[in-house]
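A closer look at the structure
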Amino acid sequence: MTLFSVEGKKVVVTGGSRGIGRMIAAGFVAAGAEVYISARKAHEVAKTAAELGCTGVPADLSTPEGVAELVSAVDGPLDVLVNNAGATWGAPLEEFPPEAFDKLWNINVKGVFYVTQKFLPQLRAAASADVPARVITIGSIDGIRVPGLENYAYSAAKAGVHMLTRHLARQLAPAHITVNAIAPGPFESKMMAFALDDPATRTLIASQVPMGRIGHPDDMAGAAIFLASRAGAYLTGTVIPVDGGISC
């Protein structure tokens with residue numbers, strides 16, 4: 001169905017070497033898109049790019065130099081930018097360190113803003129009224145509701161990502177660029193490994209999801225492909241929870 005086709009689209013997925021980023025990149029590759037992935041660790045980027053059949057660009061997107069490296073590696077118009085790169089930090093309230101807020105703000109919020117800013121010429125070059133260019137940011141349900149974990153900087157940063165998404169959407173709509181966010185619940189990722197690798201904790205987490213399970217890769221890839229396809233062309237400024245009903 002052409003309504004959900006992303007075949008031939010040029011797609012950049014930051015933080016694409018593992019976890020949710022890899023799920024999204026794999027979905028776009030399988031759907032016939034031309035995909036670029038980036039992450040800090042060169043060996044992980046190269047390994048994932050070889051496995052998926054896409055282009056890998058090592059870059060630290062918390063720095064201006066890293067952003068410039070990624071942008072310069074992608075030639076020509078860009079149809080879809082997926083801002084997924086992020087980090088988390090957990091510690092008790094009395095012990096929560098200032099560097100946690102600095103690190104997570106730089107990666108989770110500033111990184112999203114400046115990657116989007118620097119890709120604007122290429123996004124504008126791909127955009128038209130009937131076929132807008134797309135920016136998809138990856139937030140979190142922890143930015144929608146108070147989590148059970150003490151991840152103060154993470155949840156605050158992800159709430160910031162959601163508002164930044166809405167702000168960019170309003171600003172870029174006249175340029176025919178849509179900006180939407182996906183707010184994932186529990187999925188297999190390095191961030192969730194501390195909990196999901198333990199069978200008892202995994203069972204407990206799944207039991208707290210109204211749909212009764214951890215998210216599958218297709219759940220994440222499907223949401224991103226919808227937002228990037230003709231089916232999602234009239235949607236902008238939204239935050240879509242992909243969480244099995246946790247945020248209901």
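Scroll up to find the structure.
Computed from a prediction, not measured in an experiment: that's the story for all the values here.

Another point: the overall build of the protein chain. Secondary structure assignment for the protein chain yields eight helices and seven strands. Against the compact-globule benchmark of 18 Å for 248 residues, the protein chain has a radius of gyration of 17 Å, which places it among compact chains. Over its C-alpha atoms, taken along the principal directions, the protein chain stretches across nearly 50 × 40 × 35 Å. Counting all 248 residues of the protein chain, 48% fall into the buried class. Look at the contacts in the protein chain between residues 6 or more apart in sequence, and 69% of them connect residues 24 or more apart. For the protein chain, the exposed surface amounts to about 11,600 Å²; the carbon and sulfur share of it is 58%. Both charge centroids of the protein chain, one from 20 positive and one from 22 negative side chains, sit 5 Å from each other.

This brings us to the environment of Ser38. Note that Ser38 resides in strand E2 (residues 34-39). Judged by its relative accessible area of 1%, Ser38 is buried. Along the chain, Ser38 and Tyr114 lie 76 residues apart, while their C-alpha atoms are 15 Å from each other. Ser38 has contacts with Val13, Thr14, Gly15, Gly16, Ser17, Val45, Val57, Leu61 and Leu70, leaving out every residue within four places of it along the chain.

Okay, helix H3 (residues 64-73) next. Buried residues of H3: Gly66, Val67, Leu70 and Val71, and no others. Take H3 and look down its axis: the buried residues cluster within an arc of 130°, on one side only. The outward face of H3, more than 90 degrees from its buried face, is lined by the exposed residues Pro64, Glu65 and Ser72. Elements that come into contact with the buried residues of H3 comprise strand E1 (10-14), E2, strand E3 (55-58) and helix H4 (98-126).

Take the sheet that holds strand E6 (residues 177-184) next. Spatially, the seven strands line up as an open sheet ordered E3-E2-E1-E4-E5-E6-E7, and their pairing is parallel. Single-partner strands in this sheet number two, and they are E3 and strand E7 (239-242). The average undirected angle you get between the axes of adjacent strands in this sheet is 20°. The pairing of E2 with E3 spans four bridges and is classified as parallel. Looking at E3, one finds that Ser38 is bridged to Val57. Sitting on the sheet, H3 touches E1, E2 and E3, and the angle it makes with E3 is about 155°. Across the sheet, helix H8 (residues 217-228) touches strand E4 (80-83), strand E5 (133-138), E6 and E7, and the angle it forms with E6 is around 165°.

Okay, the packing of aromatic side chains next. Geometrically, a pair of aromatic rings is defined through the distance of the ring centres and the angle of the planes. For the structure shown, the criterion picks out three aromatic pairs. An angle of 70° between the planes, with centres 5.5 Å apart, marks the rings of Phe96 and Phe101 as edge-to-face. On the accessibility criterion, Phe96 (14% relative accessible area) is buried. Ring geometry for Phe96 against Tyr152: centres 5.3 Å apart, planes inclined by 85°, an arrangement best described as edge-to-face. One end of the pair, Phe96, is in the loop between E4 and H4; the other, Tyr152, is in helix H5 (residues 152-172), and 56 residues separate them in sequence. Given a relative accessible area of 29%, Tyr152 falls into the partly exposed group. Within the aromatic cluster, the residues linked to one another by ring pairs are Phe96, Phe101 and Tyr152.

Next up on the list: the nonpolar core. Of all hydrophobic cores here, the largest spans 29 residues; its most connected members are Ile24, Phe28, Val35, Val82, Ile136 and Ile182. Breaking this core down by element, the ones donating at least two residues are E1, helix H1 (19-30), E2, helix H2 (42-52), E4, E5 and H8. The dominant element in this core, judged by the number of residues it contributes, is H8, at six residues. Aside from chain neighbours lying at most four places away, what touches Ile182 is Ile136, Thr137, Ile138, Gly139, Ser140, Met220, Ala223, Ala224, Leu227, Ile240 and Val242. The next biggest cluster of nonpolar side chains, apart from the first, holds 28 residues, and it includes Val57, Val71, Ala127 and Leu164.

Now for the packing of H1 against H2. It is the contact of H1 with H2, at a shortest axis distance of 10 Å, that shows an interaxial angle of 30°. With respect to their mutual orientation, H1 and H2 come out roughly parallel. Viewed along their axes, H1 and H2 form a crossing whose handedness is right-handed. Here Arg22, Ala25, Ala26 and Val29 of H1 come into contact with H2, specifically with Thr48, Glu51 and Leu52. For the contact of H1 with H2, the residue count by class is four nonpolar, one polar and two charged.

Each value, and the rule that gives it
- Residues numbered from 1 in each chain as written.
- Predicted model: local features only at pLDDT ≥ 70, side-chain atom pairs only at ≥ 80, totals over all residues.
- Heavy atoms only, no water.
- Helix = DSSP H or I, 4+ residues; strand = E, 2+ residues; numbered from the N terminus.
- Rg over C-alpha atoms; globule rule 2.2 N^0.38 Å.
- Buried < 20%, exposed > 50% of the residue type's maximum accessible area, 1.4 Å probe, protein only.
- Contact = heavy atoms within 4.5 Å.
- Areas by Shrake-Rupley, 256 points an atom, 1.4 Å probe, with all protein chains shown as cover.
- Lys, Arg positive; Asp, Glu negative; His and termini not counted.
- Charge placed at Lys NZ, Arg CZ, Asp CG, Glu CD.
- Arc of directions from axis to C-beta.
- Pairing = 2+ DSSP bridges.
- Axes fitted to C-alpha atoms, helices over the stretch in contact; angles between N-to-C directions.
- Phe/Tyr/Trp six-rings, centres within 6.5 Å; stacked < 30°, edge-to-face > 60°.
- Core = buried A, V, L, I, M, F, W, Y, C linked by side-chain atoms within 4.5 Å.
- Parallel < 35°, antiparallel > 145°, perpendicular 65-115°, else oblique.
- Left-handed = near helix turned anticlockwise from the far one by under 90°.
- Nonpolar A, V, L, I, M, F, W, Y, C, P; charged D, E, K, R; others polar.

Limitation: the analysis is restricted to geometry and does not speak to function.
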